[in-house]
Amino acid sequence: MRPRQKTKRHKTTRHKPNRKTPSRANTKDTKQSSRLRSYLTHHLQTFVASLGYLSRQPISSLMTSAVIAIALALPAGLYIALDNASRLSAGWDSTTQISLFLKAGTTLKQAEKLATKLRLHKQINKVNIIDRERGLEEFQQISGFGDALQFLDENPLPHVITVQPIIEQENPEGVLHLVKTLQQERRVELAQLDMQWVKRLYTLLDIAQRGVWIIGSLLGLAVLLIVGNTIRLDIQNRREVIQVSKLIGASNGFIRRPFLYTGAWYGLFGGLLAWLLIAIALGIMAEPLERLATLYHSNYQISSLMAGDIALLILISCLLGLGGSWLAVGRHLSEIEPS
Amino acid sequence: MIRFDNISKRYPGGFEALSSASFHLPRGSFAYLTGHSGAGKSTLLKLITLIERPSRGHIFLDGIHLNNLPARRIPRIRRNIGVIFQNHHLLYDRTVFDNVALPLLIHGYHHREIGKRVRAALDQVGLLSKEKADPITLSGGEQQRVGIARAIVHKPPLLLADEPTGNLDPELSREIMELFVRFNQHGTTVLIASHDLDLIRQMGFPVISLAKGTIERNELLTDAQEREH
Ligand SMILES: Nc1ncnc2c1ncn2[C@@H]1O[C@H](COP(=O)(O)OP(=O)(O)OP(=O)(O)O)[C@@H](O)[C@H]1O
Ligand SMILES: [Mg+2]
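In this text the structure is predicted, and so the values were computed from the model without any measurement.

Conventions we followed
Residues numbered from 1 in each chain as written. Chains lettered and ligands numbered in written order. Predicted model: local features only at pLDDT ≥ 70, side-chain atom pairs only at ≥ 80, totals over all residues. Heavy atoms only, no water. Helix = DSSP H or I, 4+ residues; strand = E, 2+ residues; numbered from the N terminus. Buried < 20%, exposed > 50% of the residue type's maximum accessible area, 1.4 Å probe, protein only. Contact = heavy atoms within 4.5 Å. Areas by Shrake-Rupley, 256 points an atom, 1.4 Å probe, with all protein chains shown as cover. Buried area = accessible area lost by both parts, 1.4 Å probe. Salt bridge = Lys/Arg side-chain N within 4 Å of Asp/Glu carboxyl O. Polar contact = N/O pair within 3.5 Å; in protein donor to acceptor, adjacent residues only side chain to side chain. Nonpolar A, V, L, I, M, F, W, Y, C, P; charged D, E, K, R; others polar. Near = heavy atom within 4 Å. Pairing = 2+ DSSP bridges. Axes fitted to C-alpha atoms, helices over the stretch in contact; angles between N-to-C directions. Left-handed = near helix turned anticlockwise from the far one by under 90°. pLDDT = per-residue confidence, 0-100. Donors = N, O, S within 2.8 Å, 3.2 Å for Na, K, Ca; no water.

Visitor: Which residues make up the overall build of chain A, and what values do they have?
Guide: For chain A, the count of helices and strands is 11 helices and four strands. In chain A, which comprises 339 residues, the share counted as buried stands at 37%. The long-range share in chain A, meaning contacts at least 24 apart out of those at least 6 apart in sequence, stands at 84%. Total accessible area computed for chain A in this model is approximately 21400 Å², and 61% of it derives from carbon and sulfur atoms.

Shown next as structure tokens:
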């Protein structure tokens, strides 16, 4: 029975517009569009008005924005530092090398054959043979055991092949894999990656990267709480306005809006200030950084904030501001009722 | 328009401000609410505006049962009521103009329309020249009139007033009452709580008298009388 009634009612409402004269339908349309326009106008007005509200208490607005800026500039700055470090270290493959100590009894010819084979390996850049005679000479010179070594009947050193691997930036672990493959070679007694520190560096960078994410998340949370607390105080200060607005029949959205916009403004100013802080910090460090870079690489460019990164930073900041005020508004606005 | 059905209101703490009050205020009517201080006049008006909820009984406003109305539907109800509060409830962080404009903003009026209507309302309470003043700089009576302008600016179908003439001299009081009558003639239902028995008698509209939370006398027609009419 019920559903039938429902469809019947539905039908009549659907037929209604047909019965209307076109002019009446038009006035309804224009009325609706003017409502929408005034709604949007009101959004814009509130947006501007909340900026006005902040400008009437410049010191505290600036302080809140500055706290947000510092909280965001720190992880963003660390992120840039790490980005530079990993890009810089990616160029260090030219100083990484693998030493292959060949098995005793391997002839120089066999060693050269292996070297030729290795030159074709796609992960290998350069291959060098240090034959055992030359190796002994070098060792005598460097170690200072020169005299002692003269008493040995036989050269104790094997032939050594040094391999310079190609390190892919996105896959630094590939080197370790190469070392393992080389270890499998028949003539190879021991494959040793010199500069174990490169591996350590990558591990450190990885740890640092995760650290930056953790710090970033924590500071993001801090921004959320800072904005939330500031908006909570704003709500308390504007208790009277909220009560009166509620008495006059303002919807929750109407009352919420100025606080949300205030939060977004805090976020925007915080983001812009953070950008400024990072730019200043980079400016201070630019000269020594460039010197450092040229020590390793002639053509290395310090990466700073790209337009996309800046936009992302400011977007995140705005969203955190909005989110923080959303939290405060959700918790505290319903507590204030007219009496 | 307003129907009270055996309404009792007990405040937290146990004091019963209204006991078994019943009356019906038809749409388009004009009535006064009187009674000694503490009789429950403000309480009755607060129940209509949903500031307070009844402990017992039923309230209907324009056919809507207010007892269990969810909070999210309250704003809509209040938007159709113009309320003049006993303590003006003006906002002291903005001008007279902005105070009066608030209901229009909430209703989503266009700003050109807002200017026209606010000035018309201020003109009606004789405060057009104070448009840009801070409410704090106004006298008690002037502040009260700003509150009146704010209550009528959006031409609500129901006007509730709690001691609207409390701070006004007799002449101004009469003018304000006549303003309410003009509103009533244009279809607005009006209920005014007032101590000013002389003025009430002069105006000659039905009176509901409260005494210690009960309706002592009701000059409005009872339901039975309405049926006879
Ligand atoms: N929030 C409250 N909590 C407890 N008691 C209250 C509260 N509000 C009012 N009352 C009590 O209810 C009674 C009626 O108060 P109400 O404000 O309705 O009186 P009134 O008729 O408006 O008086 P007046 O003419 O002085 O304004 C008073 O005794 C008051 O003490
Ligand atoms: Mg009262």
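Now that the structure is up, let's keep going.
Visitor: Got a sec to walk through the interface of chain B and chain A? Specific residues and values, please.
Guide: Counting residues at the interface gives 21 residues for chain B and 18 residues for chain A. Interface of chain B and chain A: buried area, both sides summed, is about 1800 Å²; carbon and sulfur atoms make up 64% of it. Among the residues of chain B in contact with chain A, Arg78, His89 and Ile106 of chain B are the three that bury the most area, contributing 29% of the side total. There are zero salt bridges connecting chain B and chain A. Our enumeration of links across chain B and chain A arrives at two residue pairs in polar contact (both at pLDDT 80 or more). Residue assignment for the side of chain B that touches chain A shows that the elements contributing at least two residues are α2 (74–79) and α3 (96–107) of chain B. By residue number, the principal contributor to the side of chain B that touches chain A is α3 of chain B, which donates five residues. The residue makeup of the side of chain B that touches chain A, split by class, is 10 nonpolar, five polar and six charged.

Visitor: Provide a residue-level description of the site of ligand 1, including the pertinent values.
Guide: Residue and element names in this part refer to chain B. Near ligand 1 you find 13 residues, and of these Ser37, Gly38, Lys41, Ser42 and Thr43 are the closest. Contact between ligand 1 and Ser37: an oxygen atom at 2.6 Å from a side-chain N or O atom of the residue. Relative to its free-state accessible area of 640 Å², ligand 1 is covered by the protein chains to the extent of 66%. Broken down by element, the shell around ligand 1 gets its largest block of residues, three residues, from helix α1 (residues 41–48). In the shell around ligand 1, the residues fall into four nonpolar, eight polar and one charged.

Visitor: How would you explain the sheet that holds strand β4 (residues 56–61) of chain B if you had to name every residue and give the values?
Guide: Strand pairing in a sheet is mediated by backbone hydrogen bonds. Such pairs are either parallel or antiparallel. Residues and elements named next belong to chain B. The four strands are arranged β2-β1-β4-β5 in an open sheet whose pairing can be described as antiparallel. Edge positions in the sheet fall to β2 (16–25) and β5 (64–65), since each of these pairs with one other strand and no more. Strand direction decides the pairing type here: β4 and β5, joined by two bridges, are antiparallel. Bridge pairing links Phe60 to His65 in β5.

Visitor: Tell me about the packing of helix α9 (residues 239–248) of chain A against α3 of chain B, and please be specific about residues and values.
Guide: Viewed as axis vectors pointing N to C, α9 of chain A and α3 of chain B meet at an angle of 60 degrees, and their least axial separation amounts to 10 Å. Regarding α9 of chain A and α3 of chain B, the two cross each other, and that crossing is right-handed. Facing Val244, Ser245 and Ile248 of chain A of α9 of chain A, the residues of α3 of chain B in contact are Leu102, Pro103 and Ile106 of chain B. Across the contact of α9 of chain A with α3 of chain B, the residue classes tally to five nonpolar, one polar and no charged.

Visitor: Can you explain the confidence of the model for chain A? Please cite residues and give values.
Guide: Residue and element names in this part refer to chain A. With 80% of its residues at a pLDDT of 70 or more, chain A shows a mean pLDDT of 80. For chain A, helix α1 (residues 2–19) is the element with the lowest average pLDDT, namely 41, and helix α11 (residues 307–332) is the one with the highest, namely 92. Counted against residues more than four places away or in other chains, residues 1–25, with its pLDDT under 50, gives one contact.

Visitor: Outline the coordination of the magnesium ion (ligand 2), supporting the account with residue identities and numerical values.
Guide: When a metal carries six donors in an octahedron, the ideal angles between them are 90 or 180 degrees, while four donors in a tetrahedron ideally lie at 109.5 degrees. The coordination sphere of the magnesium ion (ligand 2) contains the protein donors Ser42 of chain B (OG) and Gln86 of chain B (OE1), at a distance range of 1.9 to 2.3 Å. Placement of the pair is Ser42 of chain B in helix α1 and Gln86 of chain B in the loop between β6 (81–84) and α3, with a sequence separation of 44 residues.

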